[in-house]
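If you want the building blocks of each chain, they are given just below.
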Amino acid sequence: MPDRSEKIPIAAGIPDIQSLDIAEGRIDQDLLFSIFDRLDTGVWIFDFDEKRILWANRKALEFTDAASVEELQSRDMGADMSHSVDQRLRQYQQDFCKHDVSFSEIWTLYPKGKAQVLQVVMSGIRLKDGRMALLCEGRPHHEQQPETLRSAEALMHTSVMISLFSQDGKPLYRNTASRAACSAPEAPFEDQFVDRKDARRLLDHLKRGRTSGLVAHVSTTVGRRWHELTIRACHDAVTSQPAYLVSEIDVTELHQTKERAQYLASHDTLTGLSNRTYLKERVDQVLQTADDQNNRATLYLIDLDDFKIVNDSLGHAAGDGLLQLVAKKLGDLTGPDDIVARLGGDEFLICHLEQPGGRGPDWFGQELLAAFATPQLIEGKPRQVGLSIGYTQYPEDGDGIDQLMRHADLALYQAKTGTKNQCVRFQESMRLLRDEHHAIKKDLENAVVDNEFVLYYQPIACTETGQVIGAEALIRWFHPEKGLIPPDEFIPIAEDTGLINDIGLWVSGKVAAMQAHLKDLGQSVPLSMNVSPRQLSDPNFVTRMRSLPELSGCAPDKISLEITESVLLGDIPHALGTLSSLKQAGYRIVIDDFGTGYSNLAYLHNYPIDGIKIDRMFMDDIASGGAIVKLILSLASALGADVVAEGVETVDQRAWLSDNGCHRFQGYLYSRPVPEDRFLAMLEDQTKAAAR
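A quick note: this is a predicted structure, and the numbers were derived from the prediction, not measured.

Brief notes about the packing of aromatic side chains
Inspection of every chain in the model, using the stated rule, returns 16 aromatic pairs. Measuring from ring centre to ring centre gives 5.2 Å for Phe 36 and Trp 55, while their planes differ by 75°; the resulting arrangement is edge-to-face. You can see Phe 36 sitting in helix α1 (residues 29-38) and its partner Trp 55 sitting in strand β2 (residues 52-56), a full 19 residues away along the chain. Ring centres 5.5 Å apart and planes at 80° place the aromatic pair Trp 477 and Phe 490 in the edge-to-face group. Linking Trp 477 in strand β19 (residues 468-479) with Phe 490 in helix α15 (residues 487-497), this pair joins segments that are 13 residues apart in sequence. You can call Trp 477 buried: its relative accessible area is 1%. Ring pairs connect the aromatic residues Phe 46, Phe 48, Tyr 92 and Phe 96, which therefore count as one cluster.

Dropping the structure here:
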């Protein structure tokens, strides 16, 4: 041991040992140091700032495998110190400066590379220069089970915030990450919540079960953040008293991105107006207000006249500019209680709340027409913009948003069949137009029997090579009198009437036969087909799909079933069981139009998802950095799911996707949907080109 006459740092306020007169001089400095060295507890003082040990007794030298105090003092303890340990020590220093506290923890030291596990009691001691140092008292930790030691290390280094609280909310333990986020070590559980109701809600749920969870707004050392908290009932291992364990993950960026995604899902990205997705909820609120105030609400369905001419003659940029101009003008004309939405294309909707003593049923509609009576500046040039308006009133013309929308649509159809710039109110006689709906239903029934459907295939290509690596099967209807009818006109009717099950059965058979044919041709190109929620609700659907490989010779692992997010969000009973059965049968499960039904990304973990198709609306997000698309790509990577970007229309979009790890795309940039023979020709040409 070194000469004890050397200068030793002493805590402020405690006189130098050499000047002490203890027990009438019978106890001197050497005896005191001899006592320290006889202790079975290792005692040492650590300098937070210099990351060096200032002094240690004999037992501490044994623990650190040091030959002398001088050798131990010469070690740079910060050389191989992890960020988590450094962060933990800084927390101690701050706590000791503010509070007279001590901590007892299991620490693993690594003197000369050999692990030494100690139970260490740590407290603050102020040096003579005024700085706060760390006084450590360590004893060997006798429970040397690997699981115990590793769990202690993991708790220190993990970024997950782990805390233990007594039933009255007093903190019993915080790991490094939790302590770093908490402004005060003694802060009760409820104090971290911006809204204490969130804490009470968590604890109330815990009383009814063993686990509770919530995403809440919390206060941290870096400001207000969003944390996903999970709380579990348990017992304190020291006192055996009831307690609760809380784990927290910072999900601020995810929460903000989710809010952005929800905004994009409920708003039109071009005009910033509400879209059809968000419309129903908002209109229901206006109708409720009309009921409460005994007022009238009017729905105006607005369509631009000759919008296609503007697009064709001036270009799509001019068309987009026109839509933005109309959206702004409509917003300026409406009041704070009105709703303005873009339904798609050049169609807008206004829900206007009439005040008592209004000027007539169509006065607001006429004001809309008058506002566009003069030419509007488009691309710096004046151009006439005409409107056609169909409107319906609540409660006279309907008792809900769906009926009012149908009636307004009939009125708009009537307005567009006559002269331009008309504002037409729904009339009962317009119901005759619904006969066309019933006629389509009847024709659909015949089409199923007479095999009037055909499949087109839209290629899925590689963003890097441009090679076709898959295709989506899309149904078309060749009506014997009306010609080609797009799916948007008959699929909704098929869904409503239940004919979608028969049509879907036909589609699955054709896709299976096509896949088997491709296999015979030596073309290993996977195919996908859309499966509607109604099909998944059919109890016979899984049985039919299981029989396809034997009937057709197809390889089910080369067939993807594209479903919508609504299937996963609870719209379909027993969805998990149905999808799991299809997965077991060999089929791949892919989420189509991902992002349009955004709710909670966590639900994806509960389903057998093989792939994600990013909805085309997020392609606009790429121009502003693509934060949401990057999030989806990261999520898919974590799930091990393939990703296809839909609606890719520009070379820049494709290049961005390739640079950011999305290797599959689909859209007009590569090809529109094509008939079967043309698709096969594409594959043949690709094979020939590869052989050259």
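Details of helix α22 (residues 627-639)
In this model α22 runs 18 Å from its N-terminal to its C-terminal C-alpha over 13 residues, within 8% of the 18 Å that 1.5 Å per residue would give. All of the buried residues in α22 are Ile 628, Val 629, Ile 632, Leu 633, Leu 635 and Ala 636. The arc enclosing the buried residues of α22, seen along the axis, measures out at 160°, which places them on a common side. Seen from the open side of α22, the exposed residues pointing more than 90 degrees away from its buried face are Ser 637 and Ala 638. Of the surrounding elements, those touching the buried residues of α22 are α8 (252-266), β23 (588-594), β24 (611-614), α21 (619-622), β25 (642-645) and α23 (651-659).

Re the pattern of salt bridges
One pass over the structure, following the stated rule, counts 30 salt bridges. In this structure, Asp 47 engages Arg 131 in a salt bridge whose closest nitrogen and oxygen atoms are separated by 2.8 Å. Remark: Arg 131 occurs in the loop between β4 (116-126) and β5 (132-140) and Asp 47 occurs in strand β1 (residues 42-47); sequence separation between them is 84 residues. Overlapping salt bridges bring together Asp 47, Asp 49, Arg 90, Asp 129 and Arg 131 as one network.

Some points on the side chain of Ser 274
When you line up the elements, Ser 274 lands in the loop between α8 and α9 (276-293). Separated by 2.9 Å, the side chains of Ser 274 and Arg 282 make a polar contact. Those residues in contact with Ser 274 that sit more than four places away from it in its chain are Ser 266, His 267, Asp 268, Arg 282, Val 340, Ala 341 and Arg 342.

Conventions used here
Residues numbered from 1 in each chain as written. Predicted model: local features only at pLDDT ≥ 70, side-chain atom pairs only at ≥ 80, totals over all residues. Heavy atoms only, no water. Phe/Tyr/Trp six-rings, centres within 6.5 Å; stacked < 30°, edge-to-face > 60°. Helix = DSSP H or I, 4+ residues; strand = E, 2+ residues; numbered from the N terminus. Buried < 20%, exposed > 50% of the residue type's maximum accessible area, 1.4 Å probe, protein only. Expected span 1.5 Å × (residues − 1). Arc of directions from axis to C-beta. Contact = heavy atoms within 4.5 Å. Salt bridge = Lys/Arg side-chain N within 4 Å of Asp/Glu carboxyl O. Polar contact = N/O pair within 3.5 Å; in protein donor to acceptor, adjacent residues only side chain to side chain.

Honestly, it's all geometry; don't read function into it.
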